[in-house]
Amino acid sequence: MKTILSKFQQLPLTNIENEEIRYRLENKKISAILVDILDGDLWGSRVSVIGNFLIIIAILFSSADFIFNFSQFSRSNLIINFKWLVGLFFLLEVALRISYAGFLGYGIGFAARLKYIFSFMGLVDILSLIPVVLELLGIPVSGGISAIRILRIWRIARFIKAFNSISKAFHSRRQEILVTLFGVLLLSLTLSAVMFHFESENGSGSFKSIPQVFIWSIGKYTGDYGAIAGEVPLTQVGKSIATINGLLGIALFAIPAGLLASAFIDQLAENRKQKLINERTTKIIQFFTRSKGGGKHLKFPGLWRYASFETLQAKLLLTDEEIFEAVRESRSLRFRAMKSQAELKLNDMRIVEFIELNTTYGTRLKSDNSKMTIINPGGDSVRGITHFVYTLAKNLKTNFFARELEILVDGKAAGYNRSAYFSADLSKNTTNLPVSFQHYLHDINSIEKKGVAIIVAVSASGRSDFVWEYGNPKEKNDWSREITTIQSAERLHSIRTILSEEFTNVNYRTAGEKVCVKSFSFEENTIGINQHDSLLRHIQKNSGCDVFVLYVNISLLTAEDETYYAALTALGNMLKKVDELYSLV
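In what follows, the accompanying structure is described. Remember, predicted model here, so these are calculated numbers, not experimental data.

Focus: unusual backbone geometry
Backbone geometry follows two general trends: most residues other than glycine have a negative phi, and most peptide bonds adopt the trans configuration.
Right, so step 1: Phi angles above zero are rare outside glycine, and Asp-410 is one such case at about 55°.
Right, so step 2: Within the secondary structure layout, Asp-410 lies in the loop between β7 (408–409) and β8 (412–413).
Right, so step 3: Not every positive phi belongs to a glycine, and Asn-525 is a case in point at roughly 50°.
Right, so step 4: Inspection of the secondary structure puts Asn-525 in the loop between β13 (522–524) and α20 (535–543).
Right, so step 5: Take Asn-525: its relative accessible area is 0%, and that puts it in the buried class.

Now the structure itself:
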């Protein structure tokens, strides 16, 4: 009991695992709670546990009442009223399931509601309600119609994972099962026809039709519990065919049952394997979330940058194969290859990075106290940028959008700093884009007009440590009203001053208590990001805010901790002052 209570207390208040559904219900708290209860995940959250246990108790009481007829033991109005209350409770529940079918994995819109209604569980839900509805309408209920109340007991299958395994097992073998059934059925019908004609030609009146022979053969050789096989073939040929046909009748059930049993065993084995993978994945994620990188004196603390395979093997006792399985199955873990020393030509290390995901496209943080939005448009494309930018945004408590998952449009990458789909968004022609990309564009378009957006990207190792771009042509640093993506020359000068101050003589104390002082070089508009399809222009046109791109050299992102965290400290100090600058507006 204590274990269950402890597990309950550790659960989140609400939890919707599907990022797309969570995004759609972001500002609809009541709907999110109802979907959390109805999604069938019993132990997903505290709300889900309470709501689903109420449903289970109602199902068990209703089924037990139908079987044992509690009213015969007591004529109390309490039991009668409670039965009506349970019926109305089920009616409300099914109405909500129909209403929220689009959030429960049945698709989108009206088609989702139809798909739920005609699904197995939907039919069970609705058919078991017929007696309740008829009684509410004042129509007497008796006989077979009243008996369908017992279907309510099947509703408990929604909360038993083994039933889901049976469904998956049948789905995995459906072609073999259907082909086998069809083949045996055709052969059995053929033999039934032959047997019928042999019996008829020899004067036997036992069988009136071919379907009767077919049903007789199945009944005869499966126990005849329905008393449908009283006739006896008279001819020797008829008896021989009847024997063969009877064996086929057994095969009609035995072969599909064998296939289904085999598939069910495979499904159970797959479930056990998936459970082990999930446990290993959780261990790796906990290794990251419980660790801190950069030392206790780091001004902008964060998680570990990465973990090598050797580290994970030593700490968690995992094999290479187990680590790869965990990375393949988890969207929060990412495999990378890197060099242990900069002078090496080839990568010689295997590492795992961790990403905190909370949207369909990656990661989003919101802040009501900051006018700054930091954007990481290509977290999945370059090693190190995810940890670097997320650590800054988390510590500075700014708004933050990061594309951490690959987005494909018609099989091609959607683009990071430049994309034709940014122009499509400006013209409101995004309905054919993936939902994740639509969500990303929606969040990008929500940037505050009076704020500042900073796109953090990666530059090649041949450039300065940091490159600052604000829409001007290459090598042009003067402010221009129609070109520069910072609204005034005064604001441009203020940011330039902050840059010149924060990238020199940066103090950082390492985890080993070593104090290091580093300076970093920076350039302005040496790349030239002024194309109409750039993310820079897209944000400017949509929100009208100040926006610039800050390129971080790849050599800093792949450097040793001392240089990496010193660069993170320098950029963090700079961004903090920029945020303060815009907070004064």
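A look at the sheet that holds strand β5 (residues 372–376)
The strands that make up a sheet pair up through hydrogen bonds in the backbone, lying either parallel or antiparallel.
Right, so step 1: Strand order across the open sheet formed by seven strands is β4-β6-β5-β9-β14-β10-β13, with mixed pairing between neighbours. With one partner strand each, in any of the chains shown, β4 (362–365) and β13 form the two edges of the open sheet. Strand after strand, the sheet turns through a mean of 20° between neighbouring axes, direction not considered.
Right, so step 2: Alignment of strand β10 (residues 466–469) against β13, held across three bridges, turns out to be parallel. Residue pairing for β13: Phe-466 is matched across the bridge by Phe-522.

Examining the nonpolar core
Right, so step 1: Grouped together as the largest cluster of nonpolar side chains are 46 residues, with contacts concentrated most on Phe-388 and Leu-571.
Right, so step 2: Here this core takes 11 residues from helix α22 (residues 561–583), the largest share from any one element.
Right, so step 3: Setting aside its immediate chain neighbours within four residues, Phe-388 contacts Val-552, Leu-557, Tyr-564, Ala-567, Leu-568 and Leu-571.
Right, so step 4: If you look at the next biggest cluster of nonpolar residues, it comprises 27 residues, including Ile-37, Leu-38, Ile-55 and Ala-101.

Comments concerning the packing of helix α19 (residues 489–502) against α22
Right, so step 1: α22 packs onto α19 with a crossing angle of 155° between their chain directions and a minimal axis gap of 9 Å. Put simply, α19 runs roughly antiparallel to α22. As for the relative orientation of α19 and α22, their crossing is right-handed in sense. Between α19, through Arg-491, Ser-494, Ile-495, Ile-498, Leu-499, Glu-501 and Glu-502, and α22, the contact on the second element is made entirely by Ala-570, Asn-573, Met-574, Lys-577, Val-578, Leu-581 and Tyr-582.

Considering a nonpolar patch on the surface
Right, so step 1: A surface patch of nonpolar side chains, amounting to about 990 Å² of accessible area, comprises Leu-60, Phe-66, Ile-67, Phe-68, Phe-120, Ile-150, Ile-153, Trp-154, Ile-160, Phe-163 and Ile-166.
Right, so step 2: For the nonpolar patch, the elements supplying multiple residues, two or more each, are α4 (46–68) and α10 (161–172).
Right, so step 3: Here the nonpolar patch takes four residues from α4, the largest share from any one element.
Right, so step 4: With respect to the secondary-structure elements, Ile-150 resides in the loop between α9 (143–147) and α10.
Right, so step 5: Since its relative accessible area comes to 31%, Ile-150 is described here as partly exposed.

Describing the pairing of strand β6 (residues 399–403)
Right, so step 1: Burial within β6 is extensive, with five of its five residues counted as buried.
Right, so step 2: Burial along β6 is two-sided: Asn-399, Phe-401 and Arg-403 facing one way and Phe-400 and Ala-402 facing the other are all buried.
Right, so step 3: Alignment of β5 against β6, held across four bridges, turns out to be parallel. Bridging across to β6, Ile-374 finds its partner in Phe-400.

Quick notes on the rules
Residues take numbers from 1 onward in each chain, read along the sequence in its written order. Restriction of local features to residues with pLDDT of at least 70 applies here, the model being predicted, together with a cutoff of 80 or more for giving and counting side-chain atom pairs; totals for whole chains, interfaces and linings are based on all residues. Working from all heavy atoms in the structure, the side-chain values ignore hydrogens and water. Numbering of helices and strands runs from the N terminus; a helix is a DSSP stretch of H or I covering at least four residues, while a strand is a stretch of E covering at least two. The classification of residues rests on relative accessible area computed with a 1.4 Å probe and restricted to protein chains. Under 20% of the type maximum is buried, over 50% is exposed, and intermediate values are partly exposed. Between any two strands, at least two bridges found by DSSP are needed for them to pair. Axis definition: a line fitted to C-alpha atoms, limited for helices to the stretch in contact. Angles are taken between N-to-C directions and run from 0 to 180 degrees. As used here, the term nonpolar core means buried Ala, Val, Leu, Ile, Met, Phe, Trp, Tyr and Cys residues forming a set that is joined through side-chain atoms within 4.5 Å. Note on definitions: a residue-residue contact is assigned when non-hydrogen atoms from the two residues lie within 4.5 Å. Every angle not falling under 35 degrees, over 145, or within 65 to 115 is termed oblique; those three ranges are roughly parallel, roughly antiparallel and roughly perpendicular. Handedness of each helix crossing follows the sense of rotation of the near helix against the far helix: counterclockwise by less than a right angle gives left-handed, clockwise gives right-handed. Patch definition: residues with relative accessible area over 30% and no salt bridge; like charges joined within 9 Å; nonpolar side chains (Val, Leu, Ile, Met, Phe, Trp, Tyr) joined within 5 Å. Surface accessibility follows the Shrake-Rupley procedure with a 1.4 Å probe radius. Residue values consider only the protein chains on display as shielding. Salt bridges are counted wherever a side-chain nitrogen of Lys or Arg sits within 4 Å of a carboxyl oxygen of Asp or Glu.

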